[in-house]
Every structure is written in structure tokens, then in C-alpha cells.
Amino acid sequence: MKILFVGDGSNMHNCLAQELRARGHEACVASDGSRWMNTGRDIDLLRKPGAMGTLAYLGKLLRALSRMRNYDVVQLSGLIFLQLRPERLSRVFDYLRRHNRLVVYSAMGTDVVYHDACHDGHTFRYSDYMVGSEPSPYVGSGEYRAQHQDNWRAPFMRAHSDHVLAGIDGAVACLYEYYVPYVPLLGERVAYAGIPVDTCALPFHPIAEEPSKVRFFIGIQPDRTVIKGTDRLLQAARRVCDRYPRLCELDVAERLPLDEYTRRMRGAHVLLDQLYSYTPATNALMAMAQGLVAVSGGEPEYYELIGERHNRPVVNVDPTVPGDIDARLEWLVRNKRQLPAMSRAGRDFVEKHNAAPVVAQRYLDFWAKIATMKG
């Protein structure tokens, strides 16, 4: 099978491509390398700033289009899968539709469908945009305004989204949050697959014994701190470390390439991931694969979706409960003897639910299903 991945996010498509190649499939990744993460790709579509950067990007894209034909499957990294204005992006989408057999959408980030679900008052108890019935800290923040998040309501964005959603053959969601809103729209043409993790490339370094001092680790993305809640996680960690200076410490990493970030993470016991999520995403899964304990989203709805009744290793933090973050981190410090068992449980969980071969097979099964449905 020939598969083209257009766009990427946190190395997800590149990880899938590597696994598919190992199985004998032909896979190509055309992306910007997830920007500063500099993840692997076969066709470089990194856009540099300024007028000259725009011209160079358009030239690269035009040359690349001739290599984006005659694939069995084209997997797009969201509705905005390239750094183009929606009206131009719609034309690229039409080109891909004409010259390939299947075009499938990866629900792997904020889009119109997810945005609407976050605001409808019943799909989620909390989200990036709402906590209960109130706007989240992200809404109204400088981060929100800088990213023009209100564009999801704009007519031009709606028109582009409707155009893509009407033309795709199906969608694969990497998280519970992205799966649930698509079921009413696509029915059997949407599947949950999870985020692939290359467990072979992430050797397990278990917490072998109770540490004398718990080391918390947090990665900061300056343009995504409020939406991910890492600002609140960081503040809580600092408070807990101030209260228990002999029992814990904090390592803060900012805007590192993926390889360096992964190496730095290995020196910690506990990863502080994100706050407004029902599920652990790439960062938390990579950490658990290496033996860290992850503080992230681990809501019952997520575990029920994946059919996991027994091993639920994520330290779930609930933004609707005042003081919950501090309480969870304090519990880890005061019960650090349990970290070795939690470390092993995390690795087992990732191997069962998110190892690259497991997730890749879900994609292959889904592609086969929609190809049959299409006829």
C-alpha cells in the first residue's frame, strides 16, 4: 500500500510512516517537521517568516505537488494541514482528491468540529475553551488573541471546513476528545486509533526503588502554556516544591527539539503534562513509555472508550476541582514509595494501547474498511 501523510503533529505521522515502512508499505511524509521539534519528513514543507519565506514556501509546495499523486491513501493532519490561507488550502485539497484514491483526515488538533463541541455545553465537562459553564483561562488571554482562535467562527474558515469534511472519505482520531465530536458527523467513517509511540526507540528506565527526592519535569511551549494549562501545573509544582524542599524538585525545559527534550525527560520521575485534557497525549505517552509517571488527563470516559478496566496509570488532574493539582502532586511526594509500581504500570499501558504496531494496525484496518465502503 502507498500512503502519503500531509502535515504532522508532535511526530505522530512520522512515527506511523516508520512503522508502515517496516511492514513493507510505501510511506511518505510531507510536513514542516512540527516546527521547532524538527521531526522526520521526506518532503520538507517548513515555512520561514517574511515575504521571501512565503515565496520559497510556495515554490517548495508547487514542486512537491507532483510527488503527491497516485497514493492509495492520503492522510491529512487536520483541516489546516498546510500553512496556507483556507481558500488556497481548499484548492490543494481538491488536487489531492483528484489524484489519489482515498483522502482521510487525522483529527489531531483544534478544528471547527472540536471547537463547536467545546462550546455546546454538553459534550465535555471541561475543555481548552470552557471549564464547566465558564470560559477557560485561555479564552481572553494574550495567547488566544495572538493565535486568532476566534477565526474558527469566521465564515471563511467554516466554508473551508465544510468543503474538506464533505470531501474526505473518513477520519481517524488520536484522542477521545477528537473522536467524540466526529461520530455524529461521520458515523462509521470515523475511528479512534490513538497516538502511536515508538516504544522500541524509547527504552524503559523503570523507577527501580523509592527515590529520596521526587523530580518533577515540565516542558513549556511559550505559545501554548495557557491552552494546555502548563502555566497552572508549573505554579502548583513550584508551590509543592516550596512546601517539601527536601522531598521534591522541579526541572523546567522550554522549546527544545524532540530528541533533546526526550533525553532531558529521562532524568525525572514525574512528568507534568497538561490540564484540560481527558486523555494523555504524545508527551505523557512518551514519558510513560520511558518509565515516568504522568500527571495529565485520565478521565473514566477515555478508559471506557479504549476498554481498559484495570490498568489506569495516569495521575488525572481535574481543572473543575479547586486545589486538585496541588493535592495530586502532594500525594505523589508523600507516597513516593508507590512510584516504582506506577512506573511499570505506565509502560505496560503504552505497550498495550499505543505502541506503534498497535496503532498502525488500527489505521490499516480502517483504511481497508473505508476502501470497501467506497467500492
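Residues numbered from 1 in each chain as written. Predicted model: local features only at pLDDT ≥ 70, side-chain atom pairs only at ≥ 80, totals over all residues. Heavy atoms only, no water.

Caption draft 1: View of the packing of helix H12 (residues 282-290) against helix H15 (residues 339-353). Running from N to C, H12 and H15 cross one another at 120 degrees; their axes reach a closest spacing of 7 Å. Taken together, the axis directions place H12 and H15 in an arrangement best described as oblique. Helix-helix and strand crossings are classified by hand; for H12 and H15 the assignment is left-handed. Residue-level inspection shows Leu 285, Met 288 and Ala 289 of H12 in contact with H15, the latter providing Gly 346, Arg 347, Phe 349 and Val 350. Residues of the contact of H12 with H15, tallied by class, amount to five nonpolar, one polar and one charged. (Axes fitted to C-alpha atoms, helices over the stretch in contact; angles between N-to-C directions. Helix = DSSP H or I, 4+ residues; strand = E, 2+ residues; numbered from the N terminus. Parallel < 35°, antiparallel > 145°, perpendicular 65-115°, else oblique. Left-handed = near helix turned anticlockwise from the far one by under 90°. Contact = heavy atoms within 4.5 Å. Nonpolar A, V, L, I, M, F, W, Y, C, P; charged D, E, K, R; others polar.)

Caption draft 2: Molecular detail of the sheet that holds strand E8 (residues 170-173). Spatially, the seven strands line up as an open sheet ordered E3-E2-E1-E4-E5-E8-E9, and their pairing is parallel. Every interior strand has two partners, whereas the edge strands, strand E3 (43-44) and strand E9 (190-192), have only one. Looking at chain direction, strand E5 (residues 102-107) and E8 are connected through four bridges and run parallel. Its bridge partner lying in E8, Ala 107 is registered against Ala 173. Lying over the sheet, helix H1 (residues 12-22) contacts strand E1 (2-6), strand E2 (26-31), strand E4 (73-76) and E5, oriented at roughly 165 degrees with respect to E2. (Pairing = 2+ DSSP bridges.)

Caption draft 3: Local environment of helix H16 (residues 356-374). With 19 residues, H16 should reach 27 Å at 1.5 Å per residue; the first-to-last C-alpha distance of 27 Å fits that figure. Turning to H16, its buried residues are Ala 356, Val 359, Ala 360, Tyr 363, Leu 364, Phe 366, Trp 367, Ile 370 and Ala 371. Buried residues of H16, viewed axially, fall in a sector of 165 degrees; they line one side. (Expected span 1.5 Å × (residues − 1). Buried < 20%, exposed > 50% of the residue type's maximum accessible area, 1.4 Å probe, protein only. Arc of directions from axis to C-beta.)

Caption draft 4: Spatial organisation of the pairing of E2. In terms of burial, E2 is largely enclosed, as five of its six residues are buried. With five bridges connecting them, E1 and E2 associate as parallel partners. Note on E2: the bridge partner recorded for Leu 4 is Cys 28. With H1 bridging E1 and the parallel E2, this β-α-β connection has right-handed handedness. Direction of pairing for E2 relative to E3: parallel, over a ladder of two bridges. When the bridges of E3 are listed, Ser 31 appears paired with Asp 44. (Right-handed = clockwise from strand over helix to strand, strands pointing away.)

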